[in-house]
Amino acid sequence: MIEDPVVVRLNAEMFPISEPERKLLDRFGLRPIEVEEARPERIIPHVRSADAVCVVSTQLSAPIIDSMERCQLISRLGNGTDKIDVTRATERGIIVSNVPDFSTHEMAEHVMAVILSLAREIPRMQRYMRAGAFAQARFESFALRRLTTRTLGLIGWGDSAKAVARCAQPFGLEVIATRRNLRQSSPEAEDLGVEMMELESLLTRADYVSLHLPLNEETRGLLNRSRLEMMKSGAVLVNASRGEIVDEDALADLLRSGQIRGAGVDTYGVIDIFAETELVPTHSLVTAENVIATPHVSGLSVEANLDVAVGSVQSLASVTRGHLPHPKQIVNPEVTPIVPLKAHDPKLFETTLGED
């Protein structure tokens, strides 16, 4: 157990500590030092003596991790860890944890909202309405297709993809999917009637394609220009995963030509939506009329915020009390902790917010 643990909470202004998070921190006697810095040289003095570092969106590169003299835990308040040098943290004996399923429902709802909006061409019809072009709206609506005649392709088969598949069923969409290991059986796919296939086959068959992948060396640039060009003419792409998985310039070109009919984009490589200074985006991936562009909000809600608070504080409380986090939350299970830790103890969390 760490006496008076030093916990540094990065992104303290961009993503302030929520009331539920602070309440849980108080329950476990944790008083994080709240920091809002983005540059490595300004982050390092704060994390040098930290026992644990919590982060939302700040990049934690190898030099920053190397500066940590006694850190036992890097806690990602969210899911993706592509901005954390997990390999270097593992080499340093630092556990990296996350909250893997905090926004599963929100992601599924966001993806379906985009699909429904583009299926009915709501953004375009709204523009016609505001312009008084009523006849044009009615004329173009004769070309719309029922979702019961359409196919949804899911790239990836994790929790969020499965949640989208469940949401899509009542609308009559045929759902197909691909995953890295197609030989691995999936009872969920069988129960939901989801057909598994190779990526290229999915791209040529799906009317709507939704990404459900983490960003890593295998997935970076996965949907390059040649793969995007494989998509059915008039198909729609939804990306609420990571921008760098897609060749965004190629996607913008295909949207402009009409080869890809529309897109829903919530995450970007070409735009830093977490920059210190917010600028009006000019990239056509955001400004095009056939794109529903949102600033990485697909995983946000009151309930998701609570899930993040609970998950992140549980990891902190475990480590500061000499225990491993929950196995599902350890991103680098192969790590040998810098300080030996006992097995995860769920009894640490029998006190909940509901007791208030």
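Right above here is the structure, for reference.
A few points on the structure. Remember, predicted model here, so these are calculated numbers, not experimental data. (Residues numbered from 1 in each chain as written. Predicted model: local features only at pLDDT ≥ 70, side-chain atom pairs only at ≥ 80, totals over all residues. Heavy atoms only, no water.)

Re the overall build of the protein
Phase 1: Helix and strand counts for the protein stand at 14 helices and 12 strands.
Phase 2: At 22 Å, the protein has a C-alpha radius of gyration in line with the 21 Å of a compact globule built from 356 residues.
Phase 3: With the C-alpha coordinates of the protein rotated into their principal frame, the extents come out at 70 × 45 × 45 Å.
Phase 4: When each of the 356 residues of the protein is scored for burial, the buried share is 48%.
Phase 5: Long-range contacts, defined as pairs at least 24 residues apart, comprise 64% of the intrachain contacts of the protein with a sequence gap of at least 6.
Phase 6: Per element, the accessible surface of the protein, about 17600 Å² overall, is 51% carbon and sulfur.
Phase 7: Across the protein, the 38 positively charged side chains and the 50 negatively charged ones have centroids separated by 4 Å. (Helix = DSSP H or I, 4+ residues; strand = E, 2+ residues; numbered from the N terminus. Rg over C-alpha atoms; globule rule 2.2 N^0.38 Å. Buried < 20%, exposed > 50% of the residue type's maximum accessible area, 1.4 Å probe, protein only. Contact = heavy atoms within 4.5 Å. Areas by Shrake-Rupley, 256 points an atom, 1.4 Å probe, with all protein chains shown as cover. Lys, Arg positive; Asp, Glu negative; His and termini not counted. Charge placed at Lys NZ, Arg CZ, Asp CG, Glu CD.)

What to know about the packing of aromatic side chains
Phase 1: Within the structure shown, the criterion is met by 2 aromatic pairs.
Phase 2: The interplanar angle of 55° and the centroid separation of 5.8 Å between the aromatic rings of Phe15 and Phe274 together place this pair among those described as tilted. Here Phe15 is found in the loop between strand 1 (7–9) and helix 1 (19–27), whereas its partner Phe274 is found in the loop between strand 11 (260–265) and helix 13 (284–287), with 259 residues between them in sequence.
Phase 3: Arranged with centres 5.9 Å apart and planes meeting at 70°, the rings of Phe28 and Phe349 form a pair that is edge-to-face. A residue pair is termed long-range when its members are at least 10 positions apart, and Phe28 in the loop between helix 1 and strand 2 (33–34) and Phe349 in the segment after helix 14 (302–320) qualify at 321 residues. (Phe/Tyr/Trp six-rings, centres within 6.5 Å; stacked < 30°, edge-to-face > 60°.)

Regarding unusual backbone geometry
Phase 1: Although it is not a glycine, Asn11 adopts a positive phi angle of roughly 60°.
Phase 2: Structurally, Asn11 is set in the loop between strand 1 and helix 1.
Phase 3: At His296, a residue that is not glycine, the phi angle is positive and equals roughly 55°.
Phase 4: You can see His296 is positioned in the loop between strand 12 (291–293) and helix 14.

What to know about the side chain of Ser315
Phase 1: Within the secondary structure, Ser315 sits in helix 14.
Phase 2: The class for Ser315 is buried, based on a relative accessible area of 1%.
Phase 3: In contact with Ser315, other than residues within four places in its own chain, are Leu73, Ser97, Pro325 and Gln329.

What to know about the sheet that holds strand 10 (residues 235–239)
In a beta sheet, neighbouring strands pair by backbone hydrogen bonds and run either parallel or antiparallel.
Phase 1: Read across the sheet, 7 strands follow the order 8-7-6-9-10-11-12 without closing on themselves; strand pairing throughout is parallel. What marks the edges here is a single partner per strand, and that holds for strand 8 (195–196) and strand 12.
Phase 2: One ladder, built from 2 bridges, connects strand 7 (residues 174–178) with strand 8; its direction is parallel. Among the inter-strand pairings, Ile176 is bridged to a residue of strand 8, identified as Glu195.
Phase 3: Sheet contacts for helix 8 (residues 159–168): strand 6 (151–155) and strand 7; angle to strand 6, the most-contacted strand, approximately 170°.
Phase 4: Across the face of the sheet, helix 12 (residues 248–257) comes into contact with strand 10, strand 11 and strand 12 while running at roughly 135° to strand 11. (Pairing = 2+ DSSP bridges. Axes fitted to C-alpha atoms, helices over the stretch in contact; angles between N-to-C directions.)

Points about the environment of Leu25
Phase 1: Here Leu25 is to be found in helix 1.
Phase 2: Linking Leu25 and Ala131, residues 106 residues apart in sequence, is a C-alpha distance of 52 Å.
Phase 3: Not counting residues within four places of it along the chain, the set of residues in contact with Leu25 comprises Ile17, Leu30, Arg31, Pro32, Val313 and Leu316.

Quick word on the pairing of strand 9 (residues 208–211)
Phase 1: Neither face of strand 9 is left uncovered, since the one carrying Tyr208 and Ser210 and the one carrying Val209 and Leu211 both have all their residues buried.
Phase 2: With 4 bridges connecting them, strand 6 and strand 9 associate as parallel partners. Bridge assignment links Ile155 to a residue of strand 9, and that residue is Leu211.
Phase 3: For the handedness criterion, the β-α-β arrangement of strand 9, helix 11 (residues 225–230) and strand 10 is classed as right-handed. (Right-handed = clockwise from strand over helix to strand, strands pointing away.)

With respect to the side chain of Arg76
Phase 1: Relative to the elements of secondary structure, Arg76 occurs in strand 4 (residues 73–76).
Phase 2: Although Arg76 is buried, it makes no salt bridge; Asp82 carries the closest opposite charge, 6.3 Å away.
Phase 3: Look past the residues within four positions of Arg76 in its chain and what remains in contact with it is Val55, Val56, Thr81, Ile84, Ser97, Asn98, Val99 and Arg242. (Salt bridge = Lys/Arg side-chain N within 4 Å of Asp/Glu carboxyl O.)

Side note on the pattern of salt bridges
Phase 1: According to the stated counting rule, one finds 23 salt bridges in the structure shown.
Phase 2: Here Arg124 ties to Glu121 by a salt bridge, and the two come within 3.2 Å at their closest N and O atoms.
Phase 3: Its relative accessible area of 10% is what places Glu121 among the buried residues.
Phase 4: For the salt bridge of Glu174 with Arg205, the shortest nitrogen-to-oxygen distance reads 2.5 Å.

Examining the sheet that holds strand 3 (residues 52–55)
Phase 1: In spatial order, the strands read 2-1-3-4-5; together these 5 strands make up an open sheet with parallel pairing. What marks the edges here is a single partner per strand, and that holds for strand 2 and strand 5 (95–97).
Phase 2: As defined by bridge partners, strand 4 adjoins strand 5 across 3 bridges and the pair is classed as parallel. Each bridged residue has a counterpart across the sheet, and for Ile74 the counterpart in strand 5 is Val96.
Phase 3: Packing of helix 14 onto the sheet brings it into contact with strand 1, strand 3, strand 4 and strand 5, and relative to strand 4 it is tilted by some 170°.

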